[in-house]
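One letter stands for each residue in the lines below.
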Amino acid sequence: RLASSKKLSLVLDLDLTLLHATGDPRHARVLNEAPLEDRDEVIHFTLGRGGVSHHWVKLRPGLRGFLARAHEKFELHIFTHGAREYGHKI
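Here the structure is a predicted model, which is why all the values come from computation and not from measurement.

S.K.: What should I look at first to understand the sheet that holds strand β4 (residues 53-59) in this one?
M.R.: Adjacent strands of a sheet form backbone hydrogen bonds with each other and so pair up, either parallel or antiparallel. Spatially, β2-β4-β3 is the arrangement adopted by the three strands of the open sheet, whose pairing is antiparallel. In this open sheet, the two strands that pair with only one neighbour each are β2 (19-22) and β3 (42-47). The average angle at which neighbouring strand axes cross in this sheet is 25°, direction not considered. By the bridge criterion, six bridges tie β3 to β4 in an arrangement that is antiparallel. By the bridge assignment, Ile43 is partnered in β4 with Val57.

S.K.: How should the layout of surface pockets be read in this particular structure?
M.R.: One water molecule sets the probe size; rolling that probe over the atoms shows where empty space is left. By volume, the largest pocket amounts to about 220 Å³. Forming the walls of the largest pocket are 14 residues, and the residues nearest its centre are Leu14, Leu19, Leu59, Leu63 and Ile90. Elements represented by at least two residues in the lining of the largest pocket include exactly β3, β4, α4 (63-73) and α5 (84-89). In terms of residue count, α4 provides more of the lining of the largest pocket than any other element does, three residues in total.

S.K.: What am I meant to see in the environment of Ile90 here?
M.R.: For Ile90, the position within the fold is in the segment after α5. When the C-alpha positions of Ile90 and Ala21 are compared, they lie 9.7 Å apart, and in sequence the two are 69 residues distant. Apart from residues lying up to four places away in sequence, Ile90 is in contact with Leu14, Leu19, Phe45 and Val57.

Conventions used here
Residues numbered from 1 in each chain as written. Predicted model: local features only at pLDDT ≥ 70, side-chain atom pairs only at ≥ 80, totals over all residues. Heavy atoms only, no water. Pairing = 2+ DSSP bridges. Helix = DSSP H or I, 4+ residues; strand = E, 2+ residues; numbered from the N terminus. Axes fitted to C-alpha atoms, helices over the stretch in contact; angles between N-to-C directions. 1 Å grid on protein atoms, 1.4 Å probe; cavity = no way out; pocket = protein on both sides within 12 Å on 5 of 7 lines; lining within 4 Å. Points joined across faces, edges and corners; volume = space filled by probe spheres on them. Contact = heavy atoms within 4.5 Å.

Shown next, in the form of structure tokens:
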């Protein structure tokens, strides 16, 4: 399948490569004070029943463009050591 599409598989590590995630609540203040153009690069989400675990995620600069270009040449796979729920949410 990959040979016929002339693509290779590219496995990318999610954490600390594509993005940085933290559960530190101080990032809520940073997000609220960030310039508007930077706010779309920081994402807040909760995990667990009732949203008990808060996470703030900062995408690496240029990530969206990199993934769009890489998708043209590679079959992309994302890897994480994080919990399944965390990986699926991201």
